[in-house]
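# Understanding the architecture of this molecule
Listed below, chain by chain, are the residues.
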Amino acid sequence: MDMKVKDPVCGMEINSEEAEATSVYNGKTYYFCSQTCKNKFDKDPKKYIKV
């Protein structure tokens, strides 16, 4: 199902099915506009997740 999501690294709003990359962290899928944003997230996910 396609839905609007926000890249947690750069804040860009994207469609989930058009995301360049995804990561799963603590059971939740995060969507990214680019592989660069995914790599930044994967290095330090807690920096980009609002708790």
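Notes on the structure follow. These numbers were taken from a predicted model, which means no experiment stands behind them.

### Side note on the packing of aromatic side chains
Each pair of aromatic rings is reported with the distance of its centres and the angle of its planes. This model, assessed by the stated rule, comprises four aromatic pairs. When the ring of Y25 is compared with that of F41, the centres are 6.3 Å apart and the planes differ by 90 degrees; the resulting orientation is edge-to-face. Placement of the pair is Y25 in strand β3 (residues 21-25) and F41 in helix α1 (residues 35-43), with a sequence separation of 16 residues. Overall, the relative accessible area of 1% leaves F41 in the buried class. Seen from their ring centres, Y30 and F41 are 5.0 Å apart, and the 40 degrees between their planes marks the pair as tilted. Taken together, the residues span a long stretch of sequence, with Y30 in strand β4 (residues 28-32) and F41 in helix α1 at a distance of 11 residues. The class of Y30 is buried, set by a relative accessible area of 13%. Grouping aromatic residues by their ring pairs yields a cluster made of Y25, Y30, F32, F41 and Y48.

### Notes on the side chain of N15
Structurally, N15 is set in strand β2 (residues 13-15). When residues no more than four places from it in sequence are discounted, the contact partners of N15 are D2, M3, K4 and V5.

### Some remarks on the environment of Y48
Here Y48 shows up in helix α2 (residues 45-48). Sequence separation of Y48 and N15 is 33 residues, and the distance between their C-alpha atoms is 19 Å. Y48 has contacts with P8, V9, K40 and F41, leaving out every residue within four places of it along the chain.

Cut-offs and rules
Residues numbered from 1 in each chain as written. Predicted model: local features only at pLDDT ≥ 70, side-chain atom pairs only at ≥ 80, totals over all residues. Heavy atoms only, no water. Phe/Tyr/Trp six-rings, centres within 6.5 Å; stacked < 30°, edge-to-face > 60°. Helix = DSSP H or I, 4+ residues; strand = E, 2+ residues; numbered from the N terminus. Buried < 20%, exposed > 50% of the residue type's maximum accessible area, 1.4 Å probe, protein only. Contact = heavy atoms within 4.5 Å.

By themselves, these are just geometric observations and shouldn't be taken as functional.
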